[in-house]
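Close look at the chain arrangement
So the chains spell out like this:
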Amino acid sequence: MNRDVIIACDFPTREQTMTFLQRFGQRKPFVKIGMELYYAEGPQIVREIKEMGHPIFLDLKLHDIPNTVEKAMRVLSRLDVDMVNLHAAGTKDMMEAALRGLTRPDGTRPLLIAVTQLTSTNQQRMEQELLIPHPMEEVVMQYAQNAREAGLDGVVCSPLEVQGVHACCGKDFVTVTPGIRFADSRQDDQHRITTPEKARSLGADYIVVGRPITAAESPEEAYRRCVDAFI
Ligand code: C5P
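Right, let's walk through the structure included here. All values reported here derive from a predicted model rather than from experimental measurement. (Residues numbered from 1 in each chain as written. Predicted model: local features only at pLDDT ≥ 70, side-chain atom pairs only at ≥ 80, totals over all residues. Heavy atoms only, no water.)

Thoughts on the overall build of the protein chain
In plain terms, the rule: Counting from the N terminus, the helices are DSSP H or I runs at least four residues long and the strands are E runs at least two residues long. Every radius of gyration here is taken over C-alpha atoms, with the globule rule written as 2.2 Å times N^0.38, N being the number of residues. Residue burial is assigned from relative accessible area. The probe radius is 1.4 Å, only protein chains are included, and a residue is buried under 20% of its type maximum, exposed over 50%, and partly exposed in between. The contact definition used throughout considers only heavy atoms, calling two residues in contact when any of these lie within 4.5 Å. For every accessible area listed, the method is Shrake-Rupley and the probe measures 1.4 Å; residues are considered covered only by the protein chains on display.
When helices and strands are counted, the protein chain shows 11 helices and eight strands. Relative to a compact globule of 231 residues, whose C-alpha radius of gyration would be 17 Å, the protein chain shows 17 Å and is just as compact. Burial analysis of the protein chain (231 residues in total) assigns 49% to the buried set. Put simply, 66% of the contacts in the protein chain that link residues at least 6 apart link residues at least 24 apart. When the accessible surface of the protein chain is summed, it comes to about 11300 Å², and 48% of that surface belongs to carbon and sulfur atoms.

Remarks on helix α1 (residues 14–22)
Worth spelling out the cut-off: By definition, the arc is the one covered by directions from the helix axis to the C-beta atoms.
Residues of α1 that are buried: T17, M18, F20 and L21. Taken end-on, α1 shows its buried residues confined to a sector of 160°, consistent with a single buried face. The outward face of α1, more than 90 degrees from its buried face, is lined by the exposed residues E15, T19 and Q22. Buried-residue contacts for α1 involve β1 (4–8), β2 (30–34), α2 (35–41), α3 (43–51), α10 (211–214) and α11 (219–230).

Quick look at the pairing of strand β7 (residues 174–177)
Successive residues of a regular strand alternate their side chains across the two faces of the sheet. Under the convention used in this document: The pairing criterion is simple: DSSP has to find at least two bridges between the two strands. If the strands point away from the viewer and the path from the first strand over the helix to the second runs clockwise, then the crossover is right-handed.
Burial along β7 is two-sided: the residues V174 and V176 and T175 and T177 are all buried. Relative to β7, strand β6 (residues 154–156) is paired through three bridges, and the arrangement is parallel. By the bridge assignment for β7, V155 is matched with T175. Taking the sense of rotation as the criterion, the β-α-β connection linking β6, helix α8 (residues 162–169) and β7 turns out right-handed. Pairing geometry for β7 and strand β8 (residues 206–209), over two bridges, is parallel. Paired with T177 across the two strands is I207, which belongs to β8. Taken together, β7, helix α9 (residues 196–202) and β8 form a β-α-β motif whose crossover is right-handed.

Any functional reading would require information that these geometric values do not contain.
Written as structure tokens, this is what we have:
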């Protein structure tokens, strides 16, 4: 298992991102680049951070018709990132197309991870707005199984869903979990949170940590604290 801590680089500009990453010196943490930074700076920011030596999770959560997603993934495959994602709600057809697009001519590809139900969606909204009348846990497991059957490598999920996902999709099916907080840090807008220690004991493969590191007085110290507790 490749357990690791991924820092969510949720910054609006290249300048702020570089200032932040320079704090880590020769240490090159795994970083997540999301929509905010990617839409602001484009693919060049991805190339630049990769050249600096950081593994990258490109969190763009693709969701469109299979043909469009396949072509978009083909373009992303040239960026040499380590992990990309999409919405499992696009169905198995879309996920299989994504996998085809992401696979490079030499057969290599980044890990492909599916978002199940966003952690911002709750049971009531899922039932009343999306007309999905099943328990959240069941929906998440069904989406995870669809992702596994489509050939994907894993899912983004709540730390509290890790054990269920591993039980239904196998121990090797990768779980990437946001919603991580130190026992003594702020909750912010996250609801179903867990500490790095607890995420480790639940069997999470990767934790995604944003504000507890990016907004800390000493981000290096906060990162080290996460690594010591999780890896
Ligand atoms: O600052 P914080 O630790 O809450 O950041 C968590 C990161 O993980 C953010 O980039 C957020 O967009 C992302 N994320 C999440 N919940 C999900 C999927 C992604 O918090 N279900």
